[in-house]
Amino acid sequence: KNRLGRAFLELFFKEMFVFKTLQTDPNFGNYRVQIDADGEQDKIVLLDFGSVVSYDDSFIVPVKQMINGALHKDQPQLIKGAVALGIMQADFPEQVLQDFSELCYLLVEPFRKNIPKDYLNAQGEYLWGESLLPKRAAKHAAKSALSRYFVMPPKEFSLLSRKLLGVYGFIASLNGEFNASNIAARYLD
C-alpha cells in the first residue's frame with residue numbers, strides 16, 4: 001500500500017512538472033493496478049483521458065513558487081505566485097492573505113520535514129489516512145470561500161486542486177504511511 005501510494009504521488013508530480021499534462025479526474029474507476037508477480041514492477045494504469053489539461057511555464061512557474069512558499073512558510077513568495085495565477089490580489093487585506101496562506105501551508109503538510117506529531121506513526125512516517133488532510137483542507141477552504149474577497153480560481157488551478165485532493169484521498173484510502181518530502185523535493189528544486 002505504501003509503495004502504491006508513493007507511486008501515485010510520484011505520478012502526480014511527473015504529470016504536473018515533467019509532462020506538464022495532468023489527467024484531472026482522479027476517481028478510483030479511472031485507475032487499475034497491475035501487480036507484477038515478482039513485486040518489482042507494479043504499475044498504475046490510467047484508463048480515462050476524458051479530462052486532461054496541459055500547462056505551460058506561465059502556469060507551472062507560479063505554482064512552484066506557491067508550493068515552495070508554502071513549504072518554507074514564506075508568505076510573500078506564496079502570495080506572489082497566487083497573484084500571478086489570478087487567485088489572490090496583492091492589495092487584499094492582510095487577514096485574507098494570511099487565511100489563504102494557512103490553507104496552502106496545510107495542503108503541503110505531507111511534503112514537510114517537520115510534520116505535526118499527531119499525524120506521524122511510531123517510525124515518524126506521515127499517516128495519510130489518520131491525518132484527515134482532505135477533510136481539514138476542505139473545511140478551511142469552505143470557510144475562506146465565504147469571504148467577500150474570494151475569487152473563483154482559474155479553471156486550470158481548479159483542476160489542479162481537484163487532482164491533488166484526489167491523490168490525497170487515494171493515498172488516505174490506502175491508509176498509506178510514508179513521508180513525501182523527498183518526492184516533492186525532486187520536482188520543486
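Before any of the text, the structure's been laid out above.
> Just checking my understanding: could you explain helix H4 (residues 94-107) for this structure?
Over its 14 residues, H4 runs 20 Å from end to end, which matches the ideal 20 Å to within 8%, given 1.5 Å per residue. For H4, the full list of buried residues reads Val96, Leu97, Phe100, Ser101, Leu103, Cys104, Tyr105 and Leu106.

> Would you mind showing me how to read the environment of Gln23 here?
Looking at the secondary structure, you find Gln23 in strand E1 (residues 21-23). In this structure Gln23 comes out as buried when scored by relative accessible area, which is 2%. Taking the C-alpha atoms as reference points, Gln23 and Leu46, 23 residues apart in sequence, are found 8.8 Å from one another. When sequence neighbours within four positions are dropped, the list of residues in contact with Gln23 reads Glu15, Asn30, Tyr31, Leu46, Asp48, Ser51, Val52 and Lys163. Only 3.1 Å separates the side chain of Gln23 from the backbone nitrogen of Asp25, close enough to count as a polar contact.

> Hey, could you run me through the pattern of salt bridges in this one?
Side chains that carry opposite charge are capable of pairing whenever their charged atoms lie near each other. Per the counting criterion, the structure on display carries 5 salt bridges. Notably, a salt bridge pairs Asp57 with Lys20, separated by 2.6 Å at the nearest N-O pair. One end of the pair, Asp57, is in helix H2 (residues 57-71); the other, Lys20, is in the loop between helix H1 (2-19) and E1, and 37 residues separate them in sequence. Look at Asp57 and you get partly exposed, because its relative accessible area is 41%. In this structure, the salt-bridge partner of Asp25 is Arg162, at a minimum N-O distance of 3.4 Å. Taken as a pair, Asp25 in the loop between E1 and strand E2 (31-34) and Arg162 in helix H6 (residues 155-173) lie far apart in primary sequence, 137 residues in all.

Basis of the calculations
- Residues numbered from 1 in each chain as written.
- Predicted model: local features only at pLDDT ≥ 70, side-chain atom pairs only at ≥ 80, totals over all residues.
- Heavy atoms only, no water.
- Helix = DSSP H or I, 4+ residues; strand = E, 2+ residues; numbered from the N terminus.
- Expected span 1.5 Å × (residues − 1).
- Buried < 20%, exposed > 50% of the residue type's maximum accessible area, 1.4 Å probe, protein only.
- Contact = heavy atoms within 4.5 Å.
- Polar contact = N/O pair within 3.5 Å; in protein donor to acceptor, adjacent residues only side chain to side chain.
- Salt bridge = Lys/Arg side-chain N within 4 Å of Asp/Glu carboxyl O.

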